[in-house]
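# Coordinates in review
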Amino acid sequence: MLPAVLFLAFLLLPVLEIYVIIQVGELIGGWPTVALLLAESLLGAWIIRHEGRRAWRALKETFGNGGMPDRELADAGLVLVGGALLLTPGFVTDVFGFLFVLPFTRPLVRRLLSWYVGRRMSAARRRAGLRLGDLSGMYGPGANEPEPGAGPGPQVVRGEVIEDDRRGERR
């Protein structure tokens, strides 16, 4: 499903961008539209530079303190993706780029993406559990299942035998 969505996005997004640029051009004129696109790109580049440095400093600080940089990595990734969107010419990609890069909208986007990814992971885990549950008896007993017909008795523990050779070295 994801490849089809990406294919449609790459096909339809340029068409949508051209349509919006033409509509804005008809509304304010051709040269003002080009000037607005250039101004958005310059402003976006400045914000990317500033927020990228901030995200890098936060990431280095968290690594230096020995912490897990989950929020910092997410912020760095959002700034990277937002920067790519801001440097792409067009108004639609700029809107999403600013949402990903601006410090007051990025936490909201991060929470929304985290919620979405968590939901997808839960669904994938449920699907995988159902699939594995359907095949549970196919390849013999599992780690917690007793051998068929085995009653109470000694428990078999699998392991590795280590022998000493003549020189006293272990192998």
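Residues numbered from 1 in each chain as written. Predicted model: local features only at pLDDT ≥ 70, side-chain atom pairs only at ≥ 80, totals over all residues. Heavy atoms only, no water.

This part is about the pattern of salt bridges. For the structure shown, the criterion picks out 6 salt bridges. For Glu51, the salt bridge is made with Arg54, and the minimal N-O distance between the two is 3.6 Å. Of this pair, Glu51 and Arg54 both sit in helix 2 (residues 30-64), separated by 3 residues, roughly a single helical turn. You can call Glu51 buried: its relative accessible area is 3%. We classify Arg54 as partly exposed; its relative accessible area is 38%. As a salt-bridge pair, Arg71 and Asp75 come within 3.4 Å of each other at their nearest N and O atoms. Note that Arg71 and Asp75 are positioned in helix 3 (residues 70-87) at a spacing of 4 residues, about one turn of the helix. (Salt bridge = Lys/Arg side-chain N within 4 Å of Asp/Glu carboxyl O. Helix = DSSP H or I, 4+ residues; strand = E, 2+ residues; numbered from the N terminus. Buried < 20%, exposed > 50% of the residue type's maximum accessible area, 1.4 Å probe, protein only.)

Another point: the confidence of the model for the protein. Looking at the protein as a whole, the pLDDT averages 83, with 81% of positions reaching at least 70. Looking across the protein, the model is least confident in helix 5 (residues 106-134), with a mean pLDDT of 82, and most confident in helix 4 (residues 91-101), with 94. (pLDDT = per-residue confidence, 0-100.)

Our focus in this paragraph is a positive patch on the surface. Together, Arg119, Arg120, Arg126 and Arg127 make up a positively charged patch on the protein surface. Structurally, the position occupied by Arg120 is in helix 5. (Patch = residues over 30% accessible without salt bridge, like charges linked within 9 Å, V, L, I, M, F, W, Y side chains within 5 Å. Areas by Shrake-Rupley, 256 points an atom, 1.4 Å probe, with all protein chains shown as cover. Lys, Arg positive; Asp, Glu negative; His and termini not counted. Charge placed at Lys NZ, Arg CZ, Asp CG, Glu CD.)

It is worth spelling out the nonpolar core at this point. Ile47, Ile48, Leu86, Phe98, Val101 and Leu102 together form the largest nonpolar core, which totals 6 residues. For this core, the secondary structure elements donating two or more residues are helix 2 and helix 4. (Core = buried A, V, L, I, M, F, W, Y, C linked by side-chain atoms within 4.5 Å.)

Here we come to helix 3. Between its terminal C-alpha atoms helix 3 stretches 26 Å, which fits the 26 Å expected from 18 residues at 1.5 Å a residue. Of the positions making up helix 3, those classed as buried are Glu72, Asp75, Leu78, Val79, Gly82, Gly83 and Leu86. End-on, the buried residues of helix 3 take up no more than an arc of 135°, which puts them together on one face. Opposite the buried face of helix 3, by more than 90 degrees, sit the exposed residues Asp70 and Leu80. (Expected span 1.5 Å × (residues − 1). Arc of directions from axis to C-beta.)

Before going further, it helps to spend a moment on the environment of Gly44. Considering the arrangement of structural elements, one finds Gly44 in helix 2. Residue classification places Gly44 among the buried positions, given a relative accessible area of 0%. Apart from residues no more than four positions distant in its own chain, Gly44 is found in contact with Leu86 and Phe98. (Contact = heavy atoms within 4.5 Å.)

Moving on: a nonpolar patch on the surface. On the surface, Met1, Leu2, Val5, Leu6 and Phe10 cluster together to form a nonpolar patch covering roughly 620 Å² of accessible area. Considering the arrangement of structural elements, one finds Val5 in helix 1 (residues 2-28). The exposure class assigned to Val5 is partly exposed, which follows from its relative accessible area of 43%.

As a further point, take the side chain of Arg110. Within the secondary structure, Arg110 is located in helix 5. Judged by relative accessible area, which is 18%, Arg110 ranks as buried. When sequence neighbours within four positions are dropped, the list of residues in contact with Arg110 reads Arg71, Ala74, Asp75 and Leu78.

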